[in-house]
Amino acid sequence: MPSSSLPPRGARRALIVGSGISGLAAALSLHRAGWQPLIIERAPGRRTNGYFVRFNGAGYTAAERLGILDSLPDRRDAEGRMFEVDSRGRLTPGLAFPEQVNGTPMRMLLRSDLERVLYEAVQDLVEIRYGTGPAAITQDRDHVTVTLTDGSVESADLLIGADGVHSTVRSLVFGPEDLYRKDFDHVVAACAMDEPLPGMREGDALVATAPGRSAWINSYRDHPPVAFLLYRTPWPAAEIRKQPASALRQAFADFGGDIVPAMLDAMDGSESVLFDQVSQIHLNRWSQGRVVLLGDSAWCMTLHSGQGSGMGIAGAELLARLLAEGGSLSAALGTWEQKLRPLVTRHQKEALRMRHFFMPANQLGYLARRGFIRATNTPVGSKLTKVLMSAHPQTLA
């Protein structure tokens, strides 16, 4: 770490487990608040994959406060088109997202864009230690001590668990994952494609839906298209133990046309397919003593909310601001949760509704979704949709 970037002597120390969006945002925010963060990451190196993100609301405002907003690209193309594709391969106009959502402008980008910009902001300021993770956690009145899987021991004033939906920190301090995880009967798969699908222009987006299944593909400026598939299954935990290619081909076997088969072919040859069940995390408290959970570790809202990445940044930035005000750690953590929980709860509830937009549960839902899309493509429906989606400004002052 360069000497010019060292925190003040005697700075409080934070150990952050997880180098994803929430962990990097916490490190940047705390460093600027005068803390000395150390990031611990179980993976051997940086991850660079991820699906698309609709970035708006509280996360957008927090990114602006942190000074990283101007570095975040907007990968939408002004000439891009949105199409709906039925199970026979027929194309119809799709739903276009408005420019303003949740009281802020909206940017369409990738999770990897957020991680890259945050990493570049902290790489010369904060130590990141890869290839190790927590094995045991103890704490007393003054410190929290973490024994790592490589045998080393670290002590800090605060431990932040930002290690995702399957958080090790949460399991060690709060108890087994099954106590807090609420599973949907959904499986998700995503990967970047090598090249655009036939007939797609740069910036186009396609959505293929049927009862219990949906396939999305977004193309971007200066990035390969990203394929994203969802389907229902009564046993998601068992489903994700299968090979992604065979499971997806079975789930989408009856889709006609060229779109979905081409997406499946691309996933066959990809080495970086995300394949997981869809779950939310619900805890009564996000902190215990000198340990606090952040992002998906604390409140995973699912991809259906469209707010997971943004709320990870918003939560990190708010936490650092409150800690910088002085006072006791417990008071800062209590105020942080009091301010943040209503917005997180709202997004979790919205995700329960939006899952039917992402993937209709049955034939009735499929027909209702088609009717909604048709209505929004009328002048009156389009105006009403823009008003509804931009009507709820989000602030964490």
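Because the structure is predicted, anything quoted here is derived from the model rather than measured.

Thresholds, definitions, all that
- Per chain, residue numbering runs from 1 following the sequence as it is written.
- With pLDDT at 70 or above as the cut-off, local features in this predicted model cover only qualifying residues; side-chain atom pairs require 80 or more to be listed or tallied, and sums for whole chains, interfaces and linings still use all residues.
- Working from all heavy atoms in the structure, the side-chain values ignore hydrogens and water.
- Inter-axis angles, ranging from 0 to 180 degrees, are taken between N-to-C directions of lines fitted to C-alpha atoms, where helices are fitted over the stretch in contact.
- Each helix is a run of H or I in the DSSP string that is no shorter than four residues. Each strand is a run of E no shorter than two, and both are numbered from the N terminus.
- Angle categories are assigned with fixed cut-offs, so that under 35 degrees is roughly parallel, over 145 is roughly antiparallel, 65 to 115 is roughly perpendicular, and the rest are oblique.
- Take the far helix as your reference; a near helix turned counterclockwise from it by less than a right angle gives a left-handed crossing, and one turned clockwise gives a right-handed crossing.
- Throughout, a contact is declared for two residues whenever any of their heavy atoms are within 4.5 Å.
- Under the scheme applied, nonpolar residues are Ala, Val, Leu, Ile, Met, Phe, Trp, Tyr, Cys and Pro; charged residues are Asp, Glu, Lys and Arg; polar residues are all the others, including Gly.
- We call a set of buried residues a nonpolar core when its members are Ala, Val, Leu, Ile, Met, Phe, Trp, Tyr or Cys and they connect through side-chain atoms within 4.5 Å of each other.
- Each residue gets one of three labels from its accessible area relative to the maximum for its type: buried under 20%, exposed over 50%, partly exposed in between, using a 1.4 Å probe on protein chains only.
- In this description, strands pair whenever DSSP reports at least two bridges between them.
- Helix span, expected: 1.5 Å multiplied by one less than the number of residues in the helix.
- Computed over the protein atoms alone on a 1 Å grid, cavities are sets of points where a 1.4 Å probe fits but cannot get out and pockets are open sets with protein on both sides within 12 Å along at least five of seven lines; a residue lines them when it has an atom within 4 Å of a point.
- Grid points are joined across faces, edges and corners, and a volume is the space filled by probe spheres set on the points.

Participant: Please set out the packing of helix α9 (residues 308-324) against helix α10 (residues 329-358) residue by residue, giving values where relevant.
Facilitator: The N-to-C vectors of α9 and α10 enclose an angle of 155°; their axes lie 9 Å apart at closest approach. As judged from the angle between their axes, α9 and α10 are roughly antiparallel. Handedness of the α9/α10 crossing: right-handed. Here α9 contributes M311, G315, L318, L319, L322 and L323 to the contact with α10, which in turn contributes L329, A332, L333, T335, W336, K339, L340, L343, V344 and H347. When grouped by side-chain class, the residues that make up the contact of α9 with α10 number twelve nonpolar, three polar and one charged.

Participant: An account of the nonpolar core is needed here, citing residue identities and associated values.
Facilitator: Ranked by internal contacts, the top residues of the largest apolar core, which has 75 residues, are F55, I160, W299 and W336. By residue number, the principal contributor to this core is α9, which donates nine residues. Leaving out residues up to four positions away in the same chain, W336 has contacts with W286, V292, L293, L294, W299, G315, L318, L319 and L322. A189, L197, A210 and A215 belong to the second largest nonpolar core, which has 27 residues in total.

Participant: Please provide a residue-by-residue account of the sheet that holds strand β20 (residues 291-293), values included.
Facilitator: Two pairing modes exist for strands in a sheet, parallel and antiparallel, and in both the strands are linked by backbone hydrogen bonds. Across the sheet, six strands lie side by side as β9-β2-β1-β13-β20-β19; this open sheet has mixed pairing. Of all strands in the sheet, those bounded by a partner on one side alone are β9 (127-130) and β19 (287-288). Strand direction decides the pairing type here: β19 and β20, joined by two bridges, are antiparallel. What sits directly across from S287, in β20, is V292. Running at roughly 15° to β20, α10 makes contact with β13 (158-161), β19 and β20 of the sheet.

Participant: Provide a residue-level description of helix α1 (residues 21-32), including the pertinent values.
Facilitator: The terminal C-alpha atoms of α1 lie 17 Å apart, and with twelve residues this matches the ideal 16 Å at 1.5 Å per residue to within 8%. Those residues of α1 lying buried are I21, S22, G23, L24, A25, A26, A27, L28, S29, L30 and H31. Following α1 by one or two positions, G34 adopts a phi angle in the positive range, close to 95°.

Participant: So, empty space enclosed by the protein: which residues are in play, and what are the values?
Facilitator: Under the criterion given, the structure shown has two cavities of 30 Å³ or more. The volume enclosed by the largest cavity comes to roughly 60 Å³. S19, L24, R46, R47, E115, Y119 and Y130 are the residues that line the largest cavity. Classifying every residue of the lining of the largest cavity by side-chain character gives three nonpolar, one polar and three charged.

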